[in-house]
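# Architecture and fold: a report
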Amino acid sequence: MIGFDEIELVMEILDNRQDFGAKATTQLSSHLTGELQKTPQTTRHENGAAVRGTDAWQLDARSAQQRMEDTLRENASRPLYTGIAQAAPEQLPHVYTSASMSQGNVLSHVGTKFMLPIGTTRVDHEEFEEVTVPPARPVPPRSTERLISVAELDPLAKGSFPGYSSLNRIQSIVYPTAYKSNENVLVCDVAMLTVLRVLDQHRSTGPTTQPLASSIRRDDFKIIYVAPMKALAAEIVRKLGKRLQWLSIRVRELTGDMQLTKTEIAETQIIVTTPEKWDVVTRKPTGEGELASKVKLLIIDEVHLLNDDRGAVIETIVARTLRQVESSQSVIRIVGLSATLPNYLDVADFLSVNRHTGLFYFDSSFRPVPLEQHFIGIRGKQQPQYRKNLDRVTFEKVAEMVREGHQVMVFVHARKETVKAALALKEAAIAEGSIDEFSCIDHPQFELFRRDIGRSRNKEMKELFDSGFGIHHAGMLREDRNLMERLFDARAIKVLCCTATLAWGVNLPAHAVVIKGTQVYDSAKGSFVDLSVLDVLQVFGRAGRPGLEDSGVGFICTPQDKLEHYLDAVTSQNPIESRFTAGMTDALNAEIALGTVANVQDAIQWLGYTYLYVRMRKNPFQYGLTWDQVAKDPNLGDKRSSLVQEAASHLSDNRMMSFDRQARTFVITDLGRIAAKYYIRYKSIEIFNNKMKPKMTEADVLTMLCSSTEFEQIQVRENEVKELEQLQEAVPCDVMGGTDSSAGKVNILLQAYISGYRPEDFALVSDQSYAAQNGGRIVRALLEIAISKKWADVSAVLMGMSKAIEKRLWPFDQPLKQFSLKAEVFYNMERYADEYTVAEFSAMSAVELGELVHLNERHGAAIRDAARRFPTAQISFDLRPLGPDVLKIAVHVQRAFIWDSRVHGSVEPFWLWVEDHNSTTIHQLSHMMFRPTTDIIDVDFVIAIPNGKPPPSVTIRFVSDRWMGAEEEVSIPLDDLVMPSWTDCHCPRLNIPFLSLDVLQDQLLKDVFARQFATLNALQSQVFWSLTCTRLHSLVCAPIGSGKSLMGQLAIWKSLRQAGTWALLVAPRRSVLWEASSELRPVSHVMGVKIDVLNQDSTLCSPSAKTIRLVTAPDLLSILSKNPPNRNSAALGGLRVVVCENLELLNAPYELAISILLHATQQHPTRYIGFSSSLNDPADLAAWLSVDPSALHSFRPIDRDQYLTTSTHTFTIPQSAALFKAMAKPAHTAIQSTPGEPAIVFVPSRAQCQHVALDLITQCALELQTASGYLSDEVSSDALDVYLTRVQDRSLVDFVARGIGFYHEGLTKQDRTLLLELYAEGILRVLIVPRDACWSLPVRAATVIVMGTQYMHVSGKDGEERQLKDYGLEELVRMQGRAVRHNGGGHFHLFCQAEAKDTSMRFLTEGLPLESRLLETEELKTWYRQTRTTGEIRTKQDGVDALSFTFLARRLESNPAYYDTPPGMSTDERLSRIVDDLDSVS
């Protein structure tokens, strides 16, 4: 019960055994009497008789001796052979250790203590205690071992080991697994072999004469090497890059300091990163995050950091990778590297390593140079005494090594300490009279090196060299560091005092290394912390010179109370435990944001991939569990559920996600998504929720920012207060709390950073760097939070603060400071031209500017050129009311600066938003980019006008995302804006009986349609009389799927009673035309009516027989323009009816063609029937077609017969691949909400089709744990194979095999037909369709999902102009109509940007707006010019008369603001102005 750690207590108990036994017996007896009465305890005497009572609890010497004798007697009486086989301990084939208990050296039952190596000694001195751990005894080679010759390797591997005759012993042992298999591996170091394995697997099978480098398919894979530190990452990049250069493999670093562009990522095969950076990268669905989809090998170096504070991050990235492997069925090999790993079996289980094939354990006996380790605990309770003892012990150990003829590295933990330590050693040697032992004056090249040293400007380096000492740290010049490394390597100096940078970044070994002190300042924690075990191991790794010496020595000098800590850690006495619970809440938020966890069950499963899960089962006490709990619940489902729900509650309480406790589901919110994206802790979000307000000043923002928990560890130290107070006086913003708090200190340092002030104190410099690095990230997160809340004022302030930290420039500073102008120019600008704006500088000449700033013309030209390159824009707008309470603001942003790629790069991003007149609320916003070829960008904002009463004004604000001061704002007065008036011409859907087909009064029609339906539906029954039994002009506006087209066809059949008559059906699109044609032809054969499909070369001559002519609006306009109907009015005499389909798509050609027909047929008995989706105001459309009020049937979207639900899911992620990744999970959920039913998914373009399909398959695999995707279990593999053989495009096969198909014009006609056939038969359950194919898609579904309502419009000569545009409202209505089914309900899911939701839903529920497009395109001008040329329009009045037949004429009166005409004018006056404009350009 009490072990060696409490030896003093043991000695005390033994000394007072009698008293302790009596007291313990009394206490135990009193507590256990009740239990003893229930279950009598027994003990045994010499005769073996059982005696009841409390004697068994006696602790005196006699009783103890009696119990020991009883136990020995019982053991002696047991048989030697019981006949029962005992389970032998598991023997693993690749565990190599010199310890006698190689696979079970645990001292305690919970695995909390391991034995120290045999031969360890302790020596106690007055000033220190020293524990010496001898080198491990080498493990003799096994009979199966042999060194693998490099000559045996294949060419790829052979070329990567230049200068080697054979692999070393470890590499030879691991080679078959590392290079010949894809097994996950846990080992000390075989990174190169596993890298070569990936390269070998991605070679093309070309001719054998092909160079190896050109045979590697570099674009097909990525290798990720996760290094524990940035310094080590740089070293690994250098090493791997050099080794693989002959194969043209690119190795790059991706850390917080080293960012990669998209092009660089694409060009790189091996990326070396840190755990935190890889966590950030894999949290992103796209961009850098897309790396994860190509990863084939993940190498985690120093995996024993699981026991460190950063261990939670390693658990996160491993769990994410393992789940990705399972969900995507991809192969990602995981290799864990670690030099010290006590409980390697647990880590192997965590990494999914096969114990028998992938687990390799080599103890320190395999070290190239045996290492003797000295752990020295320095005594001294007071700091001065401790420092004195530390200096003394360090000198003794260094001097001892030097006397033996060895070189020594002394590692300290601050740059200044290198010089101090070297001088202290030099002074101690002088005082002892042994300074000559350190001198290297006898070195043959001493004078040469002395000359090299003489060229350096480093005074300390020169002074120390003659005595045999050197210094090395990152603050020195590169040439000085290189010189020190060269001198030490040449043995021209004996003692090198350095920082850990040398251990991590440079391979420079010495016989002995000394770690002087273990207190290191950590800016991330704001205090001095213990030197990490990782650093100790890295430093010790520098001890010993392979190939030159047969031993090495490592000393670590640490305070007495830290001795056991380092002894346990370095010698692997303590098993590594999980630190995941500390970061679990934030990790869970990241997974929910990524879409891999959607409910409690997902989260429980996710926890099963963590090291926490492994250790909870192995050591439950450490995590608050008992063995009973583990026995009852071996998989720890209850514990995991408890952990998940606790973390979910934290996130829900902070509004980072919504947690439905009954359904146990999670839905990420903007706050959660932003926190995951920017690596913000949930506790910081809690602070921001309390402090963030709609209006804040820069000082308020800084106070909130610096209160973040990311800075809570930064402490105020007494020696810093004076300097902080001086900085506080110099910074511009007030600091709440001053220097008394951690937040105040960070505030001061951050403001000082922006202002360009650098502290003197080293710790303050480190703290300032930490504050700036994290402040920029956090303020960017705050900006996105403010934008998500639509808070205009604080968004603008945060935008400024974000750029202030990035540019180190205050908003009130001269914006041109962002250019590389000379200091004297800036000085004179602030002195003589401080009130001038950048625009004013831009407008002046070089001479004028030179005179203004009291400098010459050359300086003036530099200022002018900078001003003209300063990103700014000219903003104009048009007001376009879409209804009585909806206003569209068409904004035009014109670039107003000279593009310079050296200054602007490839893009200039900016924000554009519309805010209210109080600058409080953002109505709508957009994030866009200028490109070198961009001249103007058009953006439409749609805002609500409550009750039709406009506010006094709104403001358009332009803000650059990069440049401080690059802002524009335009105020839009709305006082005089006239909105359209309210009209109510809708009719309710009447509850009347459905009409039977008998009402057709035509047996032929009845027989044809009886095959399709028995009765008309409610809407058809309501409009039947006016459409088929009267000759009134009619207009039917009804929801899609309500049967409008059928009523148009019936009206046509009823009209064609006489020979020589004909009907005209006009459609806006060819797809609509072909759909109508396919419906009319079967009936036409029965009715004896001819069907003609016209094109632009056709004519409208009188037919000889009853005919239905079908034509698209553009073709009709072309026909009417070539052959004006007034020249041959007789041809229109037989035209009985004109059916206008899909009038909601009324564009300029459509309107102009129908207007010409209306004008031409005004003397003929031609009837006009219009059909449209539901409109919010059809009055003017009806007036245009001269519709009688009794024949106007306007139904709202909710008046459809079929059951249809419409739901929205909003996102704030900008249009990008990340948006579609985020939409994948809700899309999959929507599909699964109608089990077994078909689904259609609309995406913006063909390019997204396969990406979305892959994301849906991944979600399917994650949730359903199946690789078959959406394919029904009822589909046999044989039947599927028959269809798959018919697929022409083989890239479709994998998707079809998982129940997903595509429909677009990019597929061959045969594949399109086949996929529709599979969809109709239920083999394909999901059909993914691009936006532009929605009009030709002939099928419907129970679930229709619109993934995004924006698309990228590409224009320009080579497609260089890319602009984001919104879906047309009519497109959304068409997509919604695909969910309307006559044989079941439908569900329509609209995924859109948050600001687009209200507009889209308003028009989907109330009907579409409809305005004339005649003035927006060239068709009207072209037609007018042509008619003037031909003489059809001779005078201005003729033009006005012609335009009076247009839909435009009606809308000019109802909505004059839309057409930029002032109110109060007559229609003729407005049309007269338009004719004047047409005449001016014709």
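Just so we're clear, the structure is a prediction, and the values are computed from it rather than from any experiment.

Inspection of every chain in the model, using the stated rule, returns 28 aromatic pairs. Taking the centre distance of 4.3 Å and the plane angle of 25° together, the rings of Tyr344 and Tyr361 count as stacked. With a gap of 17 residues between them, Tyr344 in helix H12 (residues 344-350) and Tyr361 in strand S12 (residues 361-362) connect regions that are remote in the sequence. Across this residue pair, the class does not change: Tyr344 and Tyr361 are buried. Of the aromatic side chains, those joined through ring pairs into one cluster are Phe897, Trp899, Phe910, Phe930 and Phe958.

Bringing helix H26 (residues 670-678) into the picture now. Taking burial as the measure, the nine residues of H26 include seven buried ones, the bulk of the element. Within H26, burial applies to Leu671, Gly672, Arg673, Ile674, Ala675, Ala676 and Tyr678. Buried-residue contacts for H26 involve helix H10 (275-283), helix H21 (580-594), strand S22 (665-668), helix H27 (682-691) and helix H31 (762-788). Backbone geometry just after H26 places Tyr679 at a positive phi near 60°.

Turning our attention to the packing of helix H6 (residues 191-201) against helix H8 (residues 230-244). Packed helices, taken two at a time, are described by the angle their axes make and the gap between the axes. Contact geometry of H6 with H8 gives a least axis separation of 12 Å together with a crossing angle of 50°. The orientation of H6 relative to H8 falls into the category oblique. The interaxial crossing formed by H6 with H8 has right-handed handedness. Contact with H6, carried on its side by Met192, Val195, Leu196 and Leu199, involves Leu240, Arg243 and Leu244 of H8 and no other residues of that element. In the contact of H6 with H8, the residues fall into six nonpolar, no polar and one charged.

Applying the stated criterion across every chain, the model contains 67 salt bridges. Close ionic contact of Arg1451 with Asp1180 constitutes a salt bridge, the shortest N to O distance being 2.6 Å. Of this pair, Arg1451 sits in helix H54 (residues 1447-1454) while Asp1180 sits in helix H44 (residues 1179-1184), and the two are 271 residues apart along the sequence. Neither Arg1451 nor Asp1180 differs from the other in exposure class; each is buried. Put simply, Asp279, Arg283, Arg320 and Glu591 are held in one network by salt bridges that share partners.

For helix H43 (residues 1148-1160), which comprises 13 residues, the first-to-last C-alpha distance of 18 Å matches the rise-based estimate of 18 Å (1.5 Å per residue) to within 8%. Within H43, 12 of the 13 residues are buried, leaving the element largely enclosed by the surrounding structure. Listing the buried residues of H43 in full gives Ala1148, Pro1149, Tyr1150, Glu1151, Leu1152, Ala1153, Ile1154, Ser1155, Ile1156, Leu1157, Leu1158 and Ala1160. For H43, the side-chain oxygen to backbone nitrogen distance between the N-cap and Tyr1150 is 3.0 Å, and the N-cap itself is Asn1147.

With that out of the way, let us pick up the sheet that holds strand S25 (residues 908-916). The pairing of strands in a sheet comes from backbone hydrogen bonds and takes either a parallel or an antiparallel form. What the four strands build is an open sheet, ordered S26-S25-S28-S29; its pairing is antiparallel. Only two strands of the sheet have a single neighbouring strand rather than two, namely strand S26 (922-930) and strand S29 (967-973). The average angle at which neighbouring strand axes cross in this sheet is 15°, direction not considered. In the packing of helix H32 (residues 792-807) onto the sheet, contacts are made with S25, S26, strand S28 (953-960) and S29, and the angle to S25 comes to roughly 160°.

Criteria and cut-off values
- Residues numbered from 1 in each chain as written.
- Predicted model: local features only at pLDDT ≥ 70, side-chain atom pairs only at ≥ 80, totals over all residues.
- Heavy atoms only, no water.
- Phe/Tyr/Trp six-rings, centres within 6.5 Å; stacked < 30°, edge-to-face > 60°.
- Helix = DSSP H or I, 4+ residues; strand = E, 2+ residues; numbered from the N terminus.
- Buried < 20%, exposed > 50% of the residue type's maximum accessible area, 1.4 Å probe, protein only.
- Contact = heavy atoms within 4.5 Å.
- Axes fitted to C-alpha atoms, helices over the stretch in contact; angles between N-to-C directions.
- Parallel < 35°, antiparallel > 145°, perpendicular 65-115°, else oblique.
- Left-handed = near helix turned anticlockwise from the far one by under 90°.
- Nonpolar A, V, L, I, M, F, W, Y, C, P; charged D, E, K, R; others polar.
- Salt bridge = Lys/Arg side-chain N within 4 Å of Asp/Glu carboxyl O.
- Expected span 1.5 Å × (residues − 1).
- Polar contact = N/O pair within 3.5 Å; in protein donor to acceptor, adjacent residues only side chain to side chain.
- Pairing = 2+ DSSP bridges.

Worth remembering: the numbers are spatial, not functional.
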